[in-house]
Amino acid sequence: MLPCIFAPRTIALIGASADEGKLAGIVLRNLRRFRGRLYAVTPRGAGLAGLMVCRSPEELPETVDLAVIVRPAPEIPGLVRALKGKARCAVIVSAGFAEVGETSLQEDVAAAGREAGVRLLGPNCLGVFSPARRLDTFFLPTERLRRPKRGAMAVVSQSGAVLITVMEALARRGIGVSAAVNYGNAVDIDAPEIYDHLADDPDTSVVIAYLESVGDGRRFIEAARRLAGRKPLLILKGGKGKRGGSAVFSHTGRLAGRYDVFHSILAQAGIREADDFDTLIDTAHALASCRSATGRRVFILTNAGGPGVLAADACARLGLDLPPLPDAVRHRLREAFPPFYAIGNPTDLTGQVRDDDYRRVLDEVADLYDGFIVIALTGVAGVTLELGAIVEDFHRRSGKPVTLYVEQGGIAARLTRRLERAGLPAFPSPERAVQGLAAILDSGEEQRSGPERGEERGKPVAAAALKHFLARRPGLNRFMEHEVKELLDELGLATPRRFFVPFGGTLPGDRGLTFPLVAKVASTRITGKSDVGGVRTGILSREALLKTLDELGRIGGAEGILLEEEVPPGVEAIVGGIVDPSFGPVVMAGLGGVMTEFLHDVAFSLAPVTHGEALRLLERTRLDTPLGGFRGSPPADRHALAEVIVAVSEMIATELLEEIDLNPVVVYPRGVTILDAKLKRRNPAS
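Residues numbered from 1 in each chain as written. Predicted model: local features only at pLDDT ≥ 70, side-chain atom pairs only at ≥ 80, totals over all residues. Heavy atoms only, no water.

Asker: Explain the overall build of the protein chain to me, please; I cannot follow it from the model alone.
Answerer: Across its full length, the protein chain holds 23 helices and 28 strands. Considering only C-alpha atoms, the protein chain reaches an extent of 95 × 80 × 40 Å along its principal axes. Taking contacts inside the protein chain between residues at least 6 apart in sequence as the whole, the part at least 24 apart equals 71%. Surface accessibility of the protein chain: about 28800 Å² in total, with carbon and sulfur atoms responsible for 51%. Across the protein chain, the 85 positively charged side chains and the 84 negatively charged ones have centroids separated by 4 Å. (Helix = DSSP H or I, 4+ residues; strand = E, 2+ residues; numbered from the N terminus. Contact = heavy atoms within 4.5 Å. Areas by Shrake-Rupley, 256 points an atom, 1.4 Å probe, with all protein chains shown as cover. Lys, Arg positive; Asp, Glu negative; His and termini not counted. Charge placed at Lys NZ, Arg CZ, Asp CG, Glu CD.)

Asker: Just checking my understanding: could you explain the pairing of strand β28 (residues 677–681) for this structure?
Answerer: Looking down a regular strand, the side chains alternate between one sheet face and the other. Summarising burial for β28: 5 of the 5 residues are buried, a large majority. Covered by surrounding structure in β28 are Ala677, Leu679 and Arg681 together with Lys678 and Lys680, the residues of both alternating faces. For strand β26 (residues 657–667) and β28, the ladder comprises 5 bridges, and the chain directions are antiparallel. Bridge pairing in β28 links Leu662 to Ala677. (Buried < 20%, exposed > 50% of the residue type's maximum accessible area, 1.4 Å probe, protein only. Pairing = 2+ DSSP bridges.)

Asker: Help me understand the state of the cysteines, please; the structure alone is not making it clear to me.
Answerer: Linking two cysteines covalently through their sulfur atoms gives a disulfide. Under the counting rule described, the total for this entry stands at 1 disulfide. A sulfur-sulfur distance of 1.7 Å marks the disulfide that ties Cys4 to Cys89. Of this pair, Cys4 sits in helix α1 (residues 3–6) while Cys89 sits in strand β5 (residues 87–92), placing them 85 residues apart in sequence. No disulfide involves Cys125; its sulfur sits 12 Å from the nearest other cysteine sulfur, which is in Cys89. What makes Cys125 buried here is its relative accessible area of 2%. (Disulfide = S-S within 2.5 Å.)

Asker: Would you explain the pattern of salt bridges in this entry?
Answerer: Opposite charge on two side chains makes pairing possible when the charged atoms of those side chains draw close. Tallying each qualifying case throughout the model produces 48 salt bridges. Close ionic contact of Asp370 with Arg297 constitutes a salt bridge, the shortest N to O distance being 2.9 Å. Residue Asp370 is found in the loop between α13 (355–365) and β16 (371–377), and its partner Arg297 is found in the loop between α10 (277–289) and β14 (298–302); the two are separated by 73 residues along the sequence. Taking relative accessible area as the criterion, Asp370 reaches 12% and is therefore assigned buried. A residue is classified by how much of its surface remains accessible, and Arg297, at 34% relative accessible area, is partly exposed. Glu564 is the partner of Lys520 in a salt bridge, and the nearest nitrogen-oxygen pair spans 3.2 Å. With a gap of 44 residues between them, Lys520 in strand β20 (residues 517–522) and Glu564 in strand β22 (residues 560–565) connect regions that are remote in the sequence. Like Lys520, the residue Glu564 is buried in the burial classification. Ionic contacts of the salt-bridge type, sharing partners, join the residues Glu481, Lys485, Lys520, Lys529, Glu564, Asp676 and Lys678 into one network. (Salt bridge = Lys/Arg side-chain N within 4 Å of Asp/Glu carboxyl O.)

Asker: Which parts of the structure should I look at to understand the environment of Val109?
Answerer: Along the polypeptide, Val109 turns up in helix α4 (residues 103–116). When its relative accessible area of 0% is taken as the criterion, Val109 is described as buried. Beyond its immediate chain neighbours, meaning those up to four positions away, Val109 contacts Ile76, Pro77, Ile92, Phe97 and Leu120.

Asker: How should I be thinking about the sheet that holds strand β6 (residues 119–121) in this particular structure?
Answerer: The strands that make up a sheet are held in pairs by hydrogen bonds between backbone atoms, and each pair lies either parallel or antiparallel. Read from one edge of the open sheet, 6 strands run β3-β2-β1-β4-β5-β6, paired in parallel fashion. Lying at the two open borders of the sheet, with one neighbouring strand each, are β3 (52–54) and β6. Averaged over all pairs of adjacent strands, the angle between their axes in this sheet comes to 25°, without regard to strand direction. When strand β4 (residues 64–69) meets β5, the two strands line up parallel, connected through 5 bridges. Looking at β5, one finds that Leu66 is bridged to Cys89. Of the strands in this sheet, β1 (10–14), β2 (37–41) and β4 are in contact with helix α2 (residues 23–31), which crosses β1 at around 165°. (Axes fitted to C-alpha atoms, helices over the stretch in contact; angles between N-to-C directions.)

Asker: Looking at this model, I keep getting lost on the sheet that holds β16. Mind explaining?
Answerer: The parallel open sheet is built from 5 strands, whose spatial order is β15-β14-β16-β17-β18. Each edge of the sheet is formed by a strand with only one pairing partner; in this case those strands are β15 (347–348) and β18 (426–427). Where β16 and strand β17 (residues 402–407) come together, 6 bridges link them in parallel fashion. The residue bridging Phe372 from the neighbouring strand is Val402, located in β17. Sheet strands in contact with helix α14 (residues 386–398) are β16 and β17, and its direction is about 165° off that of β17.

Asker: When you look at a positive patch on the surface in this model, what are you seeing that I'm missing?
Answerer: Judged by side-chain charge, Arg33, Arg35, Arg134 and Arg150 come together as a positively charged surface patch. Among the structural elements, Arg33 can be located in the loop between α2 and β2. (Patch = residues over 30% accessible without salt bridge, like charges linked within 9 Å, V, L, I, M, F, W, Y side chains within 5 Å.)

Asker: Sorry if this is basic, but what is going on with the nonpolar core here?
Answerer: Here is a general trend for soluble globular proteins: nonpolar side chains tend to be buried in one another's company. Membership of the largest hydrophobic core comes to 64 residues, with the highest contact counts inside it found for Ile5, Leu121, Ile194, Tyr195 and Ile235. In this structure, Ile5 is in contact with Leu66, Cys89, Val91, Leu121, Val128, Leu135 and Ile189, ignoring residues within four places of it in sequence. (Core = buried A, V, L, I, M, F, W, Y, C linked by side-chain atoms within 4.5 Å.)

Asker: What is the right way to read α4 from this model?
Answerer: Since there are 3.6 residues in each turn of an α-helix, residues three or four apart along the chain are aligned in direction. Compared with an ideal rise of 1.5 Å per residue, which puts 14 residues at 20 Å, α4 spans 20 Å between its outermost C-alpha atoms and is within 8% of the ideal. The set of residues buried in α4 consists of Leu105, Gln106, Val109, Ala110, Ala111, Ala112, Gly113 and Ala116. Check the buried side of α4 and you find it contacts α3 (76–82), β5 and β6. Immediately beyond the C-terminal end of α4, within one or two residues, lies Gly117, with a positive phi of roughly 70°. (Expected span 1.5 Å × (residues − 1).)

Asker: What am I meant to see in the packing of aromatic side chains here?
Answerer: The description of an aromatic ring pair uses the distance of the two centres, along with the angle that the planes make with each other. Within the structure shown, the criterion is met by 11 aromatic pairs. Pairing Phe337 with Tyr341 gives two aromatic rings, centres 5.2 Å apart and planes at 40°, and the pair type is tilted. One exposure class covers both Phe337 and Tyr341, and it is buried. Three or more aromatic residues link up through ring pairs in this structure, and these residues are Tyr195, Phe220, Tyr259, Phe262 and Phe583. The ring of Phe262 carries Lys237 above its face, with NZ or CZ at 5.5 Å from the centroid. (Phe/Tyr/Trp six-rings, centres within 6.5 Å; stacked < 30°, edge-to-face > 60°. Lys NZ or Arg CZ within 6 Å of the ring centre and 35° of its normal.)

Asker: What am I meant to see in the side chain of Ser582 here?
Answerer: With respect to the helices and strands, the residue Ser582 is situated in the loop between β23 (571–580) and β24 (584–591). Classification of Ser582 as buried rests on a relative accessible area of 9%. A polar atom in the side chain of Ser582 sits 2.8 Å from the backbone oxygen of Val214. Once residues lying within four places of it in the same chain are set aside, the contact partners of Ser582 are Val214, Gly215, Asp216, Gly217, Arg218 and Arg258. (Polar contact = N/O pair within 3.5 Å; in protein donor to acceptor, adjacent residues only side chain to side chain.)

Asker: Where do I start with the environment of Ala49 in this structure?
Answerer: For Ala49, the position within the fold is in the loop between β2 and β3. For Ala49, a relative accessible area of 63% gives the class exposed. Taking the C-alpha atoms as reference, Ala49 lies 9.3 Å from Ala18; in sequence the two are 31 residues apart.

Asker: Mind showing me how you'd approach the packing of α13 against α14 here?
Answerer: Between two packed helices, what matters for the description is the angle formed by their axes and the separation of those axes. Here α13 crosses α14 at 15°, and the two axes come no closer than 9 Å. Taken together, the axes of α13 and α14 lie roughly parallel to each other. As α13 runs across α14, the sense of the crossing is right-handed. From α13, Asp355, Asp356, Tyr358, Arg359, Leu362 and Asp363 reach across to α14, where they touch Glu386, Leu387, Ile390, Asp393, Phe394 and Arg397. (Parallel < 35°, antiparallel > 145°, perpendicular 65-115°, else oblique. Left-handed = near helix turned anticlockwise from the far one by under 90°.)

Next up, the structure:
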C-alpha cells in the first residue's frame, strides 16, 4: 500500500512560491485545498500567508507523509537526501532527467531516495489527484484543466499529457475518480506497485491505465493480473510500432515485435486492452455507470430500424447473443401494439413510438436477457425527456446493465444529460453503445471466473538436454539444422530421416533414405534458405539429386547439403521462443510455413508453459481451426503439438538461447514432424 502517496495527512511543498506564473505557484494554489497540514519550504516566505514556512527540508517540525518537489533538476538529488527522516514519500514534479538524456542525474535521484529512505514518484510527473482527500499536486490551474468529481474510478498513466486528456474527457462526461496518478520516469514507484495499491483500495472499483513501456514485464503482469482479478482493469498501450530490424535470425524474431508480445501476454492473463483512446473512455464510461453483470444475452429496443441493424451487427462481432423473443411474449406485444411495429430482437417501435411503449417492452423482457441496448431517435414527437425516467426506473428495478444510443437532433442533448445524471451511459453511435455493454458483461465474466489455477509442472527434460547440447559445442552461437535436429531427436520430437553431406564429402550410396528427397543448403551464415534458392523438393532419382547438389554447392556461404526424406502434407505450425527485453523468456506458436510472416497469426506466452497452457496458447490463434479438422480433413494432433511447445518453452526459459525457431512443424492426425529448426545461443552479456 502507498498511503503516503494516495492518502497523506501532511504535505511539504519544496520550492513553494506565491507567484502563480510559476509552476510551483500553481501547485501551491492547488494544494491549499488539501485538508491536512501543509508546509511551504522555501528560503523566501513572502506572500505565503496562512502557511508554516521552513527555509529548508531540515527545518520541517515533523516527518511529513508527502513532499512535493518543484525545483530545477540539478538540485533534486540534494533535496531528496535532505528529506531523510523528514518525509516518507516524495513527488518529483521537475523534468530534465532521462527523458532528455540525463540518465546519470536520474540514477543519482534514485540513489538519493534509497539512501534517504524516501519513496519517490517521478521525476517528470504530475503526481496525484484525489478529490475525496482534496489532494492535487498538478501544476495545471483548475480553470485550464477541469478536474473530475469524486467517484470510484482510478486512472494510472505513464504520460502526463495523456492523463490530462483522460481527466478532461471524464469530467466532460460526468465520470468521477477516486484517484488519478502520473508516475513519469518511475525511478522508484512504478505501475505494478500502483496496481497493487489500487487492488486493495476500497474506494476504487474500476481502473483504467495508459502506458508506453514496461520495465520488469513479469512483475507488471503479476500485479495487473492480481488487480484484474479483483476489479475491472483496462489498459491502453502507446508505442505499438514494430521493433527495428535487429532480430532477423528467424521467423520468430521477425514476428516478435515488442507490442505483439505485450498484447499476447495480456490476453494470456485475461487482462482487457483498449484499442484506442475512444475505446478507453467509452469502456470507462460504461464500467463506471453500471455494475458488472454476467451472461451474453442482449436485447435491442429501438425506434429506428437502421441503428438497430447496426447494433445487431456489432453484437455479432463482439460475441453477444441476440436470442429471439419467446412466442408468448411476442404474442402479447403484438396484441398491445400497432401491426407495423416490428416485434422481435431487435424490436423496432418505429417513428410513431410513445415513451410508454419503451416501458411496456422492457417490462416484458426484463427477466429474459442479461443486458439491454436502448436506441432513441429523438426527432419524433412521441419521445420526450420522460424516456430518461423510464429507462432509469427499469435499470434500478431490474439491476441489469443498460447502454443507450441517443440519435442526434430533437431533444438529444437534454435527454443525454438526463440519462448521464442518472448514471446511464449514452454513446454517440449504436456500435459504441454495444461496445460499452460488452465491456460490462465481459467484466462480469472475468470477475466470476477469476485467475486460472496453476498446473503442476513436470521435470524440465528439454532444459537439461539443451544444456548438454551446448556444453558439447563450446564457443558456437549458431548451429546447422542437422545439429539442432539431433537435439530434437534426443527429446523424442520427430524429424525427417536425413543425412548430412559436408562439402568435400561423398554422396552416400544407400543411407536408408527413400525418394522423393528434399535437399537443403546447410550453413550457420544463411538465415533464410528459401530466400537464396537453397531448398529443393521432389527429388525423385539419383541423377536429379546429383544435379541438385551441384547447383546448391554454388550458393555462397554454403557449408554442406542436408538430405531428407520428403514427408506428407499436414497442418503447418510454427513454434518458437525468444528472450523479450521486458517479459524475459516467451514461447510462440501459430500458423506456420512459408506464409507465416505474411499471415502474422501467432500468440505468445510466458515461458515455461505446462501442457494445458500450451493448448490454451493454440486457442488464441487461427491455427486452432485447422487443428480441429477443416473441409473434411480429420482433426490434427494438438496434444503432440502442445508437447513441442512445452519443450521449446523449457529450452528458452533457461535463458541460454536468444532464439529458437521450428518452422514448419507439420501436424498429423497422430504426431508431428519438425521440418526446419534453428537456434541461436545467447550472448552471456546480453
